[in-house]
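In case you want the letters, here they are:
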Amino acid sequence: TVSCGVNVLSSSSSSNGGRYPSITGLLPLTTNPGIITISGLNILSTDDTRIYVGNSRCVINSKTFSEGQSSVFVCVVDTVGAPADTYSRVSVEVIPFGYLSAATSVTSGDAVFDFTYDLQVTGISSIEGSVGGGTVLTFSGLGFNPFTTKVWIGGMNIGVECAVQSKPSTISSLVCVTGSTGGNVQFRGIITVYVGDRNLTVADSTSGIQTLFTFNPVVPEVTSASPQTGGPGTSVRIFVTSLSGINGTTIFIGEHQLGSVTQSAAGVSPPWVQGIVPNTFPVTSGVISVRSDLVLKGSMRSRGTITFTRSPSITLSLIHISEPTRLLSISYAVFCLKKKKHQHTDSQ
């Protein structure tokens, strides 16, 4: 993002008595949030000066000037910030002269001062889950991009991806759902957040020790489901190998949560859990998963891919048949019956 305005000053300007306001230094080039120091030339103490990082105002909390017209400004960067894979041009507005970017032209010899917001992770909601995946993790921090951020546990393309959910995620809060390890043995890995060409390994803010996420093996498995086709309101029963340690159960078809979840009584074989397909379920199919928020902290493993497909719905409507409003031709016949008169003769 480049800040711009009317009467942008350049190295050929003669405003301010031939002295051209310019930016000569910026430290640090990356922070989020924080204080940055900007040094410049030919910015007078009487000038009304405003500093922008991209489109955000950098609030000046101190400024110093010297006889050689050099100046130093210390300002506070916007605490909300921007994604760490974006760059913001630093610009100075000197009223009434106008704006001056740090790089008004490549040929003028001016330096380029693009500010990058830092990537920070200050907290994570959980550090353990099920080998079946489905654990919802929420990261707090700054610099996240809900649409480009990737999260991997155990290394990119060799570990397990935690799929970022762009809708609930923001610059300061990132939500992702862990995938399955594909096995039923414990797996531990470092957590790395990738934003553009930058990455950050999650670590304890005090000790600096890397944070490990643990995928725990689970005994219960999903074996089958019935029915596997239907529509909204359909009661789907999912059979499992065990209900041991299953608490806070939720059932999903894809990302659509089923309602009215119940489970079989103790001693029933095979045990099961069931739920009602919601009205929001689309005309598609989805993979059935059973999650436990309290104990497993994720999804139960499935023996193969078990899906539910919404069956085509037939909507019956009344068909109104009306008489034609215009008759092309009508064929008919008329039969007339004439009563025959009988003749009577009188006998003499």
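The notes below deal with the structure included here.

About the cut-offs
- Along each chain, residue indices are assigned from 1 in the same order as the chain's sequence is written.
- For this predicted model, a pLDDT threshold of at least 70 governs which residues receive local features, and a threshold of 80 or more governs which side-chain atom pairs are given and counted, while totals over whole chains, interfaces and linings are taken from all residues.
- As a rule here, side-chain values cover all heavy atoms of the structure and leave hydrogens and water aside.
- Only one rule defines a salt bridge in this text: a Lys or Arg side-chain nitrogen within 4 Å of an Asp or Glu carboxyl oxygen.
- Going along the chain from the N terminus, every DSSP run of H or I of four or more residues is numbered as a helix, and every run of E of two or more is numbered as a strand.
- Relative accessibility under 20% of the residue-type maximum defines a buried residue, over 50% an exposed one, and the middle range a partly exposed one, all with a 1.4 Å probe and only protein chains included.
- In this scheme Phe, Tyr and Trp rings, the latter by its six-membered ring, pair at centre separations within 6.5 Å, and the angle between planes marks the pair as stacked below 30 degrees, edge-to-face above 60, and tilted otherwise.
- Charge-over-ring placement is defined geometrically: NZ (Lys) or CZ (Arg) within 6 Å of the ring centre, and within 35 degrees of the ring normal.
- Strand pairing is defined by DSSP finding a minimum of two bridges between the two strands.
- For this analysis, a nonpolar core means a set of buried residues of the types Ala, Val, Leu, Ile, Met, Phe, Trp, Tyr and Cys, connected via side-chain atoms within 4.5 Å.
- Note on contacts: a residue pair is in contact if any heavy atoms of the two residues lie within 4.5 Å.

What follows is about the pattern of salt bridges. Taken as a whole, this structure holds one salt bridge when the rule is applied. Where arginine 198 meets aspartate 118, a salt bridge forms, and the shortest distance between an N and an O atom there is 3.1 Å. Of this pair, arginine 198 sits in strand E17 (residues 198–201) while aspartate 118 is found in the loop between strand E9 (114–117) and strand E10 (120–124), placing the two residues 80 residues apart along the sequence. On the basis of relative accessibility, which here comes to 22%, the residue arginine 198 falls in the partly exposed class. The class of aspartate 118 is partly exposed, set by a relative accessible area of 22%.

A few words on the packing of aromatic side chains. Following the criterion strictly, the structure yields three aromatic pairs and no others. Connected via pairs of aromatic rings, a cluster forms that spans Phe187, Phe213 and Phe215. For arginine 237, the ring lying beneath its charged end belongs to tryptophan 272, and the centroid distance is 3.7 Å.

Two strands pair when backbone bridges link them, and strand E19 (residues 221–226) and strand E28 (residues 301–302) are joined in this way by two bridges, in the parallel orientation. When the sheet's bridge partners are listed, glutamate 221 is paired in E28 with arginine 301.

As for its placement among the helices and strands, arginine 291 is situated in strand E26 (residues 285–292). On the accessibility criterion, arginine 291 (10% relative accessible area) is buried.

Turning next to the pairing of strand E25 (residues 272–276). Of all five residues in E25, four are buried; the element is thus mostly enclosed. Strand direction decides the pairing type here: strand E21 (residues 235–240) and E25, joined by five bridges, are antiparallel. Opposite serine 235, over in E25, you have isoleucine 276 as the bridge partner. Pairing analysis gives three bridges linking strand E24 (residues 259–263) to E25, with the strands arranged antiparallel. Looking at the pairing, glycine 259 lines up with isoleucine 276 of E25.

A few words on the nonpolar core. Among the nonpolar cores identified, the biggest contains 20 residues, and Phe139, Phe144, Val151, Ile191 and Val193 are the most heavily contacted of them. Contributions of two or more residues to this core are made by strand E12 (136–142), strand E13 (150–153), strand E14 (160–164), strand E15 (173–178), strand E16 (187–195) and strand E18 (212–216). Broken down by element, this core gets its largest block of residues, three residues, from E16. If near-sequence neighbours (up to four positions away) are discounted, phenylalanine 139 is found in contact with Val121, Gly123, Ile124, Phe144, Val151, Ser172, Ser173, Leu174, Cys176, Ile191 and Val202.

In space, the five strands of this open sheet follow the order E24-E25-E21-E19-E28, with mixed pairing throughout. Edge positions in the sheet fall to E24 and E28, since each has one partner strand and no second.

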